[in-house]
Amino acid sequence: MLTSRVVVVAGLVFAAAVTLTSCGSSPPAAALARCTASQLTYSLGSSGAGLGHEDVVVVVHNVGRRECTLRGYPTVALSTGGGGALVSAARTVSGYLGGLTSETTQIPLATLAASGVASFMVEGTDVPVEPATSCPTYRAMLIAAPGTSRHTSLQATLPGCARPQVHPVVHGTTGRQ
């Protein structure tokens, strides 16, 4: 008799626990994880030019199985080739050809679905500053997504009359918000 009462009481406690768990509010959704270097690959997107400015858009691909996020500025260093010194791109919110809109008050969070993309723009200028009569041409970029430290090399041509600029990562493939 005592054994059957213990089983009945244990069953009631279990049923009450299940009922209370299902009636309560659901736990908060887990925050999306930041993208890791192993989830990302890069390719060159579109490029453009206007009034002495040229740009290269770098498309960031999430090759992982889960969505992830990127926020901020990628690390970009450019090289003219032939063993020359690397020049780091200045981090700017926007430039002549793109970046964030003037209405933006904070750097956006780019969410990359599995197989999704985000992008960023790198800008250079092709107008020499006196007394120079010509400018170097960058032929390669070393890049790393925000929050990662593994660099990837891409072959891209960009003029170097002034220090190149890099703009924040944004959703999509244009490098513009």
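Please refer to the structure placed before this passage.
This write-up is about the structure you can find in this document.

## Digging into the overall build of the protein chain
When helices and strands are tallied, the protein chain shows one helix and twelve strands. Sequence-ordered secondary structure for the protein chain, helices as α and strands as β, is α-β-β-β-β-β-β-β-β-β-β-β-β. The proportion of buried residues among the 177 residues of the protein chain is 37%. The long-range share in the protein chain, meaning contacts at least 24 apart out of those at least 6 apart in sequence, stands at 74%.

## Notes on unusual backbone geometry
Residue Glu130 is joined to Pro131 through a cis peptide bond whose omega torsion reads 10°. Here Pro131 lies in the loop between β8 (117-125) and β9 (137-144). Positive phi, close to 45°, is recorded for Leu51, a residue that is not glycine. Note on placement: Leu51 falls in the loop between β1 (40-50) and β2 (53-62).

## So, the pattern of salt bridges
Scanning the model with the defined rule gives one salt bridge in all. Among the salt bridges present, the one from Asp55 reaches Arg176, with a minimum N-O distance of 3.8 Å. Of the two residues, Asp55 sits in strand β2 while Arg176 sits in the segment after β12 (170-171), which places them 121 residues apart along the sequence. Relative accessible area serves as the criterion here: at 3%, Asp55 is assigned to the buried category. Residue Arg176 is classed as partly exposed on the basis of its relative accessible area, which comes to 34%.

## Topic: the nonpolar core
Judged by nonpolar contacts, the single largest core of 25 residues is most densely connected at Val76, Leu112, Phe120 and Met141. Those elements giving two or more residues to this core turn out to be β1, β2, β3 (68-71), β4 (75-79), β7 (109-112), β8, β9 and β10 (152-159).

Definitions and cut-offs
- Residues numbered from 1 in each chain as written.
- Predicted model: local features only at pLDDT ≥ 70, side-chain atom pairs only at ≥ 80, totals over all residues.
- Heavy atoms only, no water.
- Helix = DSSP H or I, 4+ residues; strand = E, 2+ residues; numbered from the N terminus.
- Buried < 20%, exposed > 50% of the residue type's maximum accessible area, 1.4 Å probe, protein only.
- Contact = heavy atoms within 4.5 Å.
- Salt bridge = Lys/Arg side-chain N within 4 Å of Asp/Glu carboxyl O.
- Core = buried A, V, L, I, M, F, W, Y, C linked by side-chain atoms within 4.5 Å.

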